[in-house]
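Chains, contacts and geometry: an overview
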Number of protein chains: 4
Amino acid sequence: MSLNSFGHLFRVTTWGESHGPALGATVDGCPPGVPIDEAMIQHWLDRRKPGQNKYTTQRREPDAVKILSGVFEGQTTGTPVQLMIENTDQRSKDYSEIMEKFRPGHADITYWQKYGIRDYRGGGRSSARETAARVAAGGLAREAIKALAPGVEIKGYMTQIGPYKIDNERFDDVQIGQNPFWCPDPQAATEWADYLDGLRKSGNSVGAVVEVVAKGVPAGLGAPVYGKIDTDLAAAMMSINAVKGVEIGEGMNAAALTGEDNADEIFMGNDGQPVFSSNHAGGILGGISTGQDLVVRFAVKPTSSILKTRQTITKSGEAAEIITKGRHDPCVGIRAVPVGEAMMACVILDHLLLHRGQIGENRGRIG
Amino acid sequence: MSLNSFGHLFRVTTWGESHGPALGATVDGCPPGVPIDEAMIQHWLDRRKPGQNKYTTQRREPDAVKILSGVFEGQTTGTPVQLMIENTDQRSKDYSEIMEKFRPGHADITYWQKYGIRDYRGGGRSSARETAARVAAGGLAREAIKALAPGVEIKGYMTQIGPYKIDNERFDDVQIGQNPFWCPDPQAATEWADYLDGLRKSGNSVGAVVEVVAKGVPAGLGAPVYGKIDTDLAAAMMSINAVKGVEIGEGMNAAALTGEDNADEIFMGNDGQPVFSSNHAGGILGGISTGQDLVVRFAVKPTSSILKTRQTITKSGEAAEIITKGRHDPCVGIRAVPVGEAMMACVILDHLLLHRGQIGENRGRIG
Amino acid sequence: MSLNSFGHLFRVTTWGESHGPALGATVDGCPPGVPIDEAMIQHWLDRRKPGQNKYTTQRREPDAVKILSGVFEGQTTGTPVQLMIENTDQRSKDYSEIMEKFRPGHADITYWQKYGIRDYRGGGRSSARETAARVAAGGLAREAIKALAPGVEIKGYMTQIGPYKIDNERFDDVQIGQNPFWCPDPQAATEWADYLDGLRKSGNSVGAVVEVVAKGVPAGLGAPVYGKIDTDLAAAMMSINAVKGVEIGEGMNAAALTGEDNADEIFMGNDGQPVFSSNHAGGILGGISTGQDLVVRFAVKPTSSILKTRQTITKSGEAAEIITKGRHDPCVGIRAVPVGEAMMACVILDHLLLHRGQIGENRGRIG
Amino acid sequence: MSLNSFGHLFRVTTWGESHGPALGATVDGCPPGVPIDEAMIQHWLDRRKPGQNKYTTQRREPDAVKILSGVFEGQTTGTPVQLMIENTDQRSKDYSEIMEKFRPGHADITYWQKYGIRDYRGGGRSSARETAARVAAGGLAREAIKALAPGVEIKGYMTQIGPYKIDNERFDDVQIGQNPFWCPDPQAATEWADYLDGLRKSGNSVGAVVEVVAKGVPAGLGAPVYGKIDTDLAAAMMSINAVKGVEIGEGMNAAALTGEDNADEIFMGNDGQPVFSSNHAGGILGGISTGQDLVVRFAVKPTSSILKTRQTITKSGEAAEIITKGRHDPCVGIRAVPVGEAMMACVILDHLLLHRGQIGENRGRIG
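Residues numbered from 1 in each chain as written. Chains lettered and ligands numbered in written order. Predicted model: local features only at pLDDT ≥ 70, side-chain atom pairs only at ≥ 80, totals over all residues. Heavy atoms only, no water.

Overview of the overall build of chain A
In terms of regular secondary structure, chain A is built from eight helices and 18 strands. Scaling as 2.2 N^0.38, a compact globule of 367 residues should have a C-alpha radius of gyration of about 21 Å, and chain A matches this with 21 Å. For chain A, the spread of C-alpha atoms along the three principal axes comes to 70 × 50 × 35 Å. Expressed as a percentage of the 367 residues in chain A, the buried residues total 71%. When contacts within chain A are restricted to residue pairs at least 6 apart in sequence, those whose partners lie at least 24 apart make up 69%. Surface summary for chain A: the accessible area is close to 11,300 Å², and the carbon and sulfur share equals 48%. Each charge sign in chain A was given a centre, from 39 positive and 43 negative side chains, and these centres are 7 Å apart. (Helix = DSSP H or I, 4+ residues; strand = E, 2+ residues; numbered from the N terminus. Rg over C-alpha atoms; globule rule 2.2 N^0.38 Å. Buried < 20%, exposed > 50% of the residue type's maximum accessible area, 1.4 Å probe, protein only. Contact = heavy atoms within 4.5 Å. Areas by Shrake-Rupley, 256 points an atom, 1.4 Å probe, with all protein chains shown as cover. Lys, Arg positive; Asp, Glu negative; His and termini not counted. Charge placed at Lys NZ, Arg CZ, Asp CG, Glu CD.)

In structure tokens:
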């Protein structure tokens, strides 16, 4: 058991802080023979990299990954893969302000209350930098999935920033990569740009909703009860910093539906596989994948570091005011898109391995 | 690793199906010396018991718990506690209809696709009966918490049935136990009664939202990243059957807030403990409890067994129609309230033990 | 994590004490579709059953197993299998002697020092009765192995009782089941009978060595480092009560060998599989099975309950004398043979599943 | 679950190969506030370092450890500690010989059969270099133990090389650090020197027995059944490469003892703590520490790389001869002493945390 690990058979342990020499992911249980090199992982890290546009933090880190173990002649060996990212943009600065004061919305106060020691130079393990390690691990997971379930495609995008939601009528896959927001609705992207410009100038921030969809996931992944694939997806997404809610399929809206509305009816598809009239279930029944799209959504709270004066206290218990200066994301949710994809990849690979372990390649057949 | 287990140090493994001889929970890691007997656990099971009013399934099971191990002279010994509940109301009936057809919204099809074998007499592990084992384990957890954190109080209630939400202005703790819905708003309870009567008569069902609050949880429980207390709460709640969304504090609504709105400001309370101006965070910062109320919400989808004709397929892949007769809950969310409380209790106890294990009794002091 | 669980994917959690209502094993992760019924498990339990001859405890328990879950129409469903054995021979007796005094060699004193509470009526979890649950789980594991690696044969026997070892020249498989000692050497069996008769009459006891061999285990099971199959075998055997030493292949004797003597040379066999000139390695290289026989040995200490006066102390710290009356085994090692076999079966099945999970059905080919 | 991890709450995951850029240990669950720096860990690594005398491999690696995370201002923060050791002495050499042939006694053949891919440049994860990561983690564990159980002292030494055992009559603590063999018997050390000189010249190697003793371990650590402290010690030691047998207290010799001989009688010591007349149990009863010395022994097989021609096969299944040249240890057991100590430290710390987690600071009192 490790509180910094995730996954059962494909097991990712992340380590490192924002202001130490390096951070990374120790990935155990990867199948052998997966073709991988640093460039293939770097591809995914570059999508998460800060400083790519004015809507994300201006901290500039190359986030260059090094593979320290577990790969030989361009293939995984089946032993632990160490993925390390060195921290390079640690500006020396004056920490006297935040050393003693707890920043509201941050984990400063709880770290202190739990551990009695806190690296005041940054968010420690709660920094968004920790998610770089997840993206690296997710890059490896994506390659491993290819051999096991070649049809799987994972795509994340934003569906809401602040009060502005996308219009599903305008949903266009192609748009996702063509704006700084991973937004599938070009009109929403324009609205968001204006909205975020205003927020950024006023030193404020805002929350967001990210949706991640996995297509082509085979039926039969997951297990009843605690090993449900939705249990693991919920844990995976909730473990991302700043996430406050997770939904599968209809999510919280399931409360408002009747049984008649909600039940996805079943038919035989032309390819001899079952198809469903709808996907309220988000691709999961009883914790096990149906073969439909896996659909998960999560809400990211607004960045807590804002240029607004807030009331707080010091370590010695005195009242104080604080303004969190620094290079922060006006909407940290934007950079959560590749992170959510990475977590989806890790969960799917893990459940592919779990399923194969317990049951093998055969499954119950229909027809 | 077990896909039917939950928790790190206080580890609950549930077992059993709705139509086998018994089901139960194997609970490992409970501290020794916790006063417990069957009546104390039965108290919580009775709150979940079906057949108590016309809004829950008319299946009549005494759900009588037996303690088979781990308790000596009225106290836990520190070794595994086996909590067994025998199934007594297994009416023999004609299963020919559901033996071959997959009920939409149920796990019938995914069980078949995963395992190639399925106990067609009921939901197997996906049956709501499995949650009785959780409630039993939660009853033990509540007693163990008393010695470790005597101020903890856990209370669940419903905030929404179908489209009808409670009005927080009318929130009244006392009301929760005085209607069949665990509803803190008496007016909503009346609305819900009417609404459910209609649904029940038409053979339909509906979803719900349950909120569970834990007061008096000490600051410092949890850990960053994957061991976040919100990660474990999300997994705990999502693992309950029919749950499709989980929220901490503001939950999905956090997306709509600005950083200025969302950041709970910090002050010193009169008792020398920090207090917050608000609790958007739901009592958790960076995965660690703040000492404020822990607030978690989850959505339960409508019961899938309804008296409506639905399209489906058979095991041999032929199109078919199905009506799921039986003794079902029009709103299975109602009985999820004690289950959500039980999961909250298990998570809190587990994190109390984890914290004590890694760090001991001392914590960082403020002031 | 559970301190009463064993295994990774095939995960066995045992529960129950010698003097409670029942004990058993909660078995998770078993593949679905394994043919099983109570009689098939009872077969293995009957081999461990006490009271079968004068060399084992005269406690008479039918040790009848009940399957409470996870099996439907004679096959495992892939969900937890609950195997329960009720305790029926709990004679009421006067516990005043052992209630306050710690029996030397027993866990009485350490249970008390750890938990501050102790079921003084028996050994609690340290009772040899706990091993019945392992044998039940092992019976299930044996059936599951058949589908995955049909050539596997597991056989345990004794090689030493007190100072008397078997002579390998006289090793005869057929003899193992034909004496009360699982002894492959008929002459040693006669010696042991005389020796134990003497010990029993004098109220003394003695230790033993058990060897368990698994033939037909496929090459490639295990993993380097902590997931070594020998690591898991060592843990499995050392977890059996009264075991004080575990050996793989040459075991402790490996210290006395030179590299030249110890290295098993490799050749190609007629069936296209590698064969080795010898098996000093006990079938394992680098933690991974070679395809040769897996050979594990363990030493069981003498039964601590003897009819000899021993010095001890009471809970209040006063000096005292104690004679442990009761129905005890003069050589508890005899009944450890089926237990060691069961643990071997569990480890092999677990590693078959782990291997299939990470790597699938294919392995590196030679030739 | 990770096959490269060890421990429950103090959880060590090692990664890296002998011929990659680096190896290390990801250590999770360390208590916060433990004073640590690289020099403190280096101290222990230097004891294991190769090339210190003619009896260990002449490979020259500084084995310099870097702390990449989890430490701030000289103290652990309670988050993962990454300990990295770069590989610097990777001589480029001609691997054509060992690329195709399997070295007898090595894991070459099993790695190939398991993974279908193998880093032929060295032993991969089975290399003795992996143990450097354990020693680093053990160095951290030792510091953490100081705060929790300040009286603990861990000491390892050799008791046998080849056929030559130490004479316990000549056991002298002070000698252990004064010869290249960690030998407490000066006369045996002289014998061993001569013996190993001969072996080294003839290109042969030999096995050894290492004993590790922990003094001052509090009573009450461990748990019955699978969480026994001896179970974890057995797994810890057996997981070290080349180990073939593990013993607690009397170990395999327990088989030869009678119950009368074996039972350690109990008395009250002058300090109000129980003392035992002897320590056949090796400090553990029923899986729980008694407060006496913890005594564990393990046998290390002879180094498999020898300058003797051995028969083997190639990947394509052809018969071949092989001589393993290289810079190898004539007795790899010598360098296993600090490794055994490190594993002992990790197990003790882990069980200190586990005990505190489940039970807290109080224990059952005697007197």
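Let's talk about the sheet that holds strand β4 (residues 65-69) of chain D
All names here are of chain D. Spatially, β1-β2-β3-β7-β4 is the arrangement adopted by the five strands of the open sheet, whose pairing is antiparallel. In this open sheet, the two edge strands, each paired with only one partner strand, are β1 (5-6) and β4. Inspection of the sheet shows β4 paired to strand β7 (residues 81-86) by four bridges, in the antiparallel sense. Each residue of the ladder has a partner; that of Ser69, found in β7, is Gln82. (Pairing = 2+ DSSP bridges.)

Digging into the packing of aromatic side chains
A complete count under the given rule lists 24 aromatic pairs over all chains for this structure. Between the aromatic rings of D:Tyr157 and D:Phe171, the centroid separation amounts to 4.9 Å while the plane-to-plane angle is 80°, which identifies the pairing as edge-to-face. Taken as a pair, D:Tyr157 in strand β8 (residues 153-161) and D:Phe171 in the loop between β9 (164-165) and α5 (186-201) lie far apart in primary sequence, 14 residues in all. The partly exposed category is assigned to D:Phe171, whose relative accessible area is 31%. A ring pair is formed by D:Tyr164 and D:Tyr195, whose centres lie 5.0 Å apart and whose planes are at 70°; its orientation type is edge-to-face. Here D:Tyr164 is found in strand β9, whereas its partner D:Tyr195 is found in helix α5, with 31 residues between them in sequence. Judged by relative accessible area, D:Tyr164 falls into the partly exposed class, the value being 32%. By relative accessible area, which is 19% here, D:Tyr195 ends up buried. The ring of B:Tyr115 carries B:Lys114 above its face, with NZ or CZ at 5.8 Å from the centroid. (Phe/Tyr/Trp six-rings, centres within 6.5 Å; stacked < 30°, edge-to-face > 60°. Lys NZ or Arg CZ within 6 Å of the ring centre and 35° of its normal.)

Focus on the relation of the copies chain D and chain A
Turning chain D through 180° and shifting it by 0.0 Å along the axis lays it on chain A, with an RMSD of 0.0 Å. The transformation relating the two chain copies, once decomposed into turn and shift, fits a two-fold axis. A share of 100% of interface residues in chain D that are also interface residues in chain A marks the association as one of identical surfaces. (Least-squares fit on C-alpha atoms with pLDDT ≥ 70 in both.)

Remarks on the sheet that holds strand β7 (residues 81-86) of chain A
Residues and elements named next belong to chain A. An order of β1-β2-β3-β7-β4 is seen for the five strands of this open sheet, with the pairing classed as antiparallel. The open sheet is flanked by β1 (5-6) and β4 (65-69), the only strands paired with a single partner. Here helix α1 (residues 38-48) sits on the sheet in contact with β4 and β7, set at roughly 140° to β4. (Axes fitted to C-alpha atoms, helices over the stretch in contact; angles between N-to-C directions.)

A look at the packing of helix α8 (residues 336-359) of chain A against helix α8 (residues 336-359) of chain C
Viewed as axis vectors pointing N to C, α8(A) and α8(C) meet at an angle of 140°, and their least axial separation amounts to 7 Å. Taken as axis vectors, α8(A) and α8(C) run oblique relative to one another. As for the relative orientation of α8(A) and α8(C), their crossing is right-handed in sense. Of the residues in α8(C), those in contact with A:Leu353, A:Arg356, A:Gly357, A:Gln358 and A:Ile359 of α8(A) are C:Leu353, C:Arg356, C:Gly357, C:Gln358 and C:Ile359. In the contact of α8(A) with α8(C), the residues fall into four nonpolar, four polar and two charged. (Parallel < 35°, antiparallel > 145°, perpendicular 65-115°, else oblique. Left-handed = near helix turned anticlockwise from the far one by under 90°. Nonpolar A, V, L, I, M, F, W, Y, C, P; charged D, E, K, R; others polar.)

Section: helix α1 (residues 38-48) of chain C
All names here are of chain C. All buried positions along α1 are accounted for by Ile41, Gln42, Trp44, Leu45 and Arg48. All buried residues of α1 lie within an arc of 165° about the axis, which places them on one face of the element. Each element contacted by the buried residues of α1 is listed here: β4 (65-67), β7 (81-86), α4 (130-148) and α8. Its side-chain oxygen at 3.1 Å from the backbone nitrogen of Ala39, Asp37 defines the N-terminal cap of α1. (Arc of directions from axis to C-beta. Polar contact = N/O pair within 3.5 Å; in protein donor to acceptor, adjacent residues only side chain to side chain.)

Overview of the packing of α4(C) against α8(C)
Residue and element names in this part refer to chain C. Running from amino to carboxyl end, α4 crosses α8 at an angle of 45°, the nearest separation of the two axes being 7 Å. The pairing of α4 with α8 is recorded here as oblique in orientation. Regarding α4 and α8, the two cross each other, and that crossing is left-handed. Contact residues: Thr131, Arg134, Val135, Ala137, Gly138, Ala141, Arg142, Ala144, Ile145 and Leu148 in α4; Pro338, Val339, Glu341, Ala342, Met343, Ala345, Cys346, Ile348, Leu349, Leu352, Leu353 and Arg356 in α8. Each residue belonging to the contact of α4 with α8 can be placed in one class, and the counts come to 16 nonpolar, two polar and four charged.

Observations concerning the interface of chain B and chain A
In this complex, chain B contributes 116 residues to the contact, which on the side of chain A involves 116 residues. Interface of chain B and chain A: buried area, both sides summed, is about 8,900 Å²; carbon and sulfur atoms make up 63% of it. For the chain B face of the interface with chain A, the top three residues by lost area are B:Lys114, B:Tyr226 and B:Lys244, together amounting to 10%. One can count four salt bridges joining chain B with chain A. A salt bridge links B:Lys308 to A:Glu260; the shortest N-O distance between them is 3.8 Å. Sorting elements by how many residues they give to the side of chain B that touches chain A places helix α3 (residues 108-115) of chain B first, with seven residues. Grouping the constituent residues of the side of chain B that touches chain A by class yields 56 nonpolar, 42 polar and 18 charged. Sheet topology note: the strand β11 (residues 243-248) of chain A/strand β11 (residues 243-248) of chain B ladder contains three bridges and is antiparallel. In the strand pairing of β11(B), A:Val246 is matched with B:Val246. (Buried area = accessible area lost by both parts, 1.4 Å probe. Salt bridge = Lys/Arg side-chain N within 4 Å of Asp/Glu carboxyl O.)

Some remarks on the interface of chain D and chain A
Counting from both sides, the interface comprises 40 residues of chain D and, opposite them, 40 residues of chain A. Roughly 3,100 Å² of surface becomes buried between chain D and chain A when both sides are summed, with 63% attributable to carbon and sulfur atoms. Taken together, chain D and chain A are joined by zero salt bridges. Linking chain D with chain A are 12 residue pairs in polar contact (both at pLDDT 80 or more). Taken together, the elements giving at least two residues each to the side of chain D that touches chain A come down to β2 (11-16), β3 (22-28), β4, β6 (75-76) and β7 of chain D.

Let's talk about the pairing of strand β3 (residues 22-28) of chain B
Residues and elements named next belong to chain B. Of all seven residues in β3, seven are buried; the element is thus mostly enclosed. Going residue by residue along β3, you find Ala22, Gly24, Thr26 and Asp28 tucked away on one face and Leu23, Ala25 and Val27 tucked away on the opposite face as well. Sheet topology note: the strand β2 (residues 11-16)/β3 ladder contains six bridges and is antiparallel. In the strand pairing of β3, Gly16 is matched with Leu23. Hairpin remark: β2 followed by β3, antiparallel, with five residues in the connecting loop. Bridge count for β3 against strand β7 (residues 81-86) is six bridges, and the pairing is antiparallel. The partner of Gly24 across the bridge, within β7, is Met84.

Notes on the pattern of salt bridges
Residues and elements named next belong to chain A. Taken as a whole and judged by the stated rule, the model has 77 salt bridges over all chains. In this structure, Asp108 engages Arg118 in a salt bridge whose closest nitrogen and oxygen atoms are separated by 3.4 Å. With a gap of 10 residues between them, Asp108 in helix α3 (residues 108-115) and Arg118 in the loop between α3 and α4 (130-148) connect regions that are remote in the sequence. In this pair, the class of Asp108 matches that of Arg118, namely buried. Connected through shared salt-bridge partners, Arg47, Arg142 and Glu341 make up one network.

Quick word on the environment of C:Gly105
Locating C:Gly105 in the fold gives a position in the loop between α2 (96-100) and α3 (108-115). For C:Gly105, a relative accessible area of 13% gives the class buried. In this structure the C-alpha to C-alpha distance between C:Gly105 and C:Thr303, which are 198 residues apart in sequence, comes to 8.3 Å. Sequence-distant contacts of C:Gly105, defined by excluding residues within four places in its chain, comprise C:Lys301, C:Ser304, D:Asp264 and D:Leu285.

Side note on the side chain of A:Ser2
For A:Ser2, the location among the structural elements is in the segment before β1. Residue A:Ser2 is classed as buried on the basis of its relative accessible area of 8%. At a separation of 3.2 Å, a polar atom in the side chain of A:Ser2 contacts the main-chain amide nitrogen of A:Asn4. In terms of polar contacts, A:Ser2 uses its side chain to reach the side chain of D:Asp28, at 2.5 Å. Apart from residues no more than four positions distant in its own chain, A:Ser2 is found in contact with A:Arg11, A:Thr13, D:Arg11 and D:Asp28.

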